[in-house]
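# Coordinates in review
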Amino acid sequence: MGDDCKQHNEIERIGYITRVQSFSACHRLHSKSLSDEENKRIFGKCNHPNGHGHNYKVEVTVRGKIDRVTGMIMNLTDLKQHMEEAIMIPLDHKNLDKDVPYFADVVSTTENLAVYIWDSLAKLLPLNTLYEVKIHETDKNIVVYRGE
C-alpha cells in the first residue's frame, strides 16, 4: 500500500483554476474603416453616437501543474492582483473607446475586449499559464478567447 501511495503522489497533475470579476464600462461599436451608413447597418443600436454600457463578467482560467508542496496551481491572491491590474484599473467605469488607448483604432467588441484582457494578463502571469478569458457581455452573450 505504501508504494501505491508514493507512486500516486509522484504523478504530475495538471489543474485549472478560474476567478470571476465584474466591471462596468461603456462603448460604441463603430469602425473607422466603414462609412456611417455601414456602421449603422452592421452595428445597429450599438452604434448610437453616445454609446451604451454593460456590466461585464469576466472569468479568467489559468492552467498549470498542481504543486506537490503547496497543493496550488498558483496563489489565488496573485491571480486576483493580476486581474485588478489588467482588468479593473484600466476598464472599470471607463469609456472603452475614449479611455483605453488600445481601442482608439480597434472596434470595442467583446471579442476584441477578450483579446485586450488576454494580452494584458499574459504579460503579468507566469509563462503559458493563461488558459482562457471568458466574458459575459450579457446573460445571453458570451465570448471565449484562448489566445489563438
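Residues numbered from 1 in each chain as written. Predicted model: local features only at pLDDT ≥ 70, side-chain atom pairs only at ≥ 80, totals over all residues. Heavy atoms only, no water.

Going by the annotation in an unreviewed UniProt entry, the name recorded for the protein chain is 6-pyruvoyl tetrahydrobiopterin synthase, with Megalops atlanticus given as the source organism. Regarding the protein chain, the UniProt comment filed under Catalytic activity (unreviewed entry) reads as follows: "7,8-dihydroneopterin 3'-triphosphate = 6-pyruvoyl-5,6,7,8-tetrahydropterin + triphosphate + H(+)". Among the UniProt annotations of the protein chain, the heading Function (unreviewed entry) holds the following wording: "Involved in the biosynthesis of tetrahydrobiopterin, an essential cofactor of aromatic amino acid hydroxylases. Catalyzes the transformation of 7,8-dihydroneopterin triphosphate into 6-pyruvoyl tetrahydropterin." (UniProt positions renumbered as here; feature names shortened; annotations may be inferred.)

## Details of the overall build of the protein chain
When helices and strands are counted, the protein chain shows five helices and five strands. Ordered by position from the N terminus, the helices and strands of the protein chain form the series α-β-α-β-α-β-α-α-β-β. For 148 residues, the compact-globule estimate of 2.2 N^0.38 gives 15 Å, and the C-alpha radius of gyration of the protein chain, at 19 Å, exceeds that figure by more than 25%. Seen along its three principal axes, the alpha-carbon backbone of the protein chain occupies a region of about 75 × 25 × 25 Å. For the protein chain, restricting intrachain contacts to residue pairs at least 6 apart in sequence, the fraction spanning at least 24 positions comes to 68%. Of the roughly 9500 Å² that the protein chain leaves accessible, carbon and sulfur atoms contribute 49%. Charge centroids of the protein chain, computed over 19 positive and 22 negative side chains, lie 3 Å from each other. (Helix = DSSP H or I, 4+ residues; strand = E, 2+ residues; numbered from the N terminus. Rg over C-alpha atoms; globule rule 2.2 N^0.38 Å. Contact = heavy atoms within 4.5 Å. Areas by Shrake-Rupley, 256 points an atom, 1.4 Å probe, with all protein chains shown as cover. Lys, Arg positive; Asp, Glu negative; His and termini not counted. Charge placed at Lys NZ, Arg CZ, Asp CG, Glu CD.)

## Observations regarding helix 3 (residues 76–91)
Between its terminal C-alpha atoms helix 3 stretches 21 Å, which fits the 22 Å expected from 16 residues at 1.5 Å a residue. The largest bend in helix 3 amounts to roughly 40° and is located at glutamate 84. Every buried residue of helix 3 is listed here: Leu79, His82, Met83, Ala86, Ile87, Met88, Pro90 and Leu91. Looking at the buried side of helix 3, the elements it contacts are strand 1 (14–27), strand 2 (52–65), strand 3 (94–95), helix 4 (96–99) and helix 5 (110–122). The N-cap residue of helix 3 is asparagine 75: its side-chain oxygen and the backbone nitrogen of threonine 77 are 2.8 Å apart. (Expected span 1.5 Å × (residues − 1). Bend = angle between axes of the 7 residues up to and from the residue. Buried < 20%, exposed > 50% of the residue type's maximum accessible area, 1.4 Å probe, protein only. Polar contact = N/O pair within 3.5 Å; in protein donor to acceptor, adjacent residues only side chain to side chain.)

## Overview of unusual backbone geometry
Positive phi outside glycine occurs at histidine 93, with the angle close to 55°. The backbone of asparagine 128 shows a phi angle near 65°, a positive value even though the residue is not glycine.

## Some details on the UniProt feature "binding site: Zn(2+)" (unreviewed entry) in the protein chain
This chain's UniProt record puts "binding site: Zn(2+)" (unreviewed entry) on His27, His52 and His54. Across 28 residues of sequence, these annotated residues stay compact in space, with a maximum C-alpha separation of 8.5 Å. Residue position: histidine 27 is located in strand 1. In this structure, histidine 27 is in contact with Gly51, His52, His54, Tyr56, Leu96, Asp97 and Ser108, ignoring residues within four places of it in sequence. Within polar-contact distance, the side chain of histidine 27 engages the side chain of histidine 54 at 3.3 Å. Residue contacts for histidine 52: discarding those within four places in its chain leaves Ala25, Cys26, His27 and Cys46.

## Description of the packing of aromatic side chains
Inspection of every chain in the model, using the stated rule, returns six aromatic pairs. Taking the centre distance of 4.9 Å and the plane angle of 75° together, the rings of tyrosine 16 and tyrosine 131 count as edge-to-face. Here tyrosine 131 lies in strand 4 (residues 130–136) and tyrosine 16 lies in strand 1, a separation of 115 residues in the sequence. A relative accessible area of 45% means that tyrosine 16 is categorised as partly exposed. For tyrosine 131, a relative accessible area of 29% gives the class partly exposed. Aromatic rings pair up to connect Tyr102, Phe103 and Tyr116 into one cluster. (Phe/Tyr/Trp six-rings, centres within 6.5 Å; stacked < 30°, edge-to-face > 60°.)

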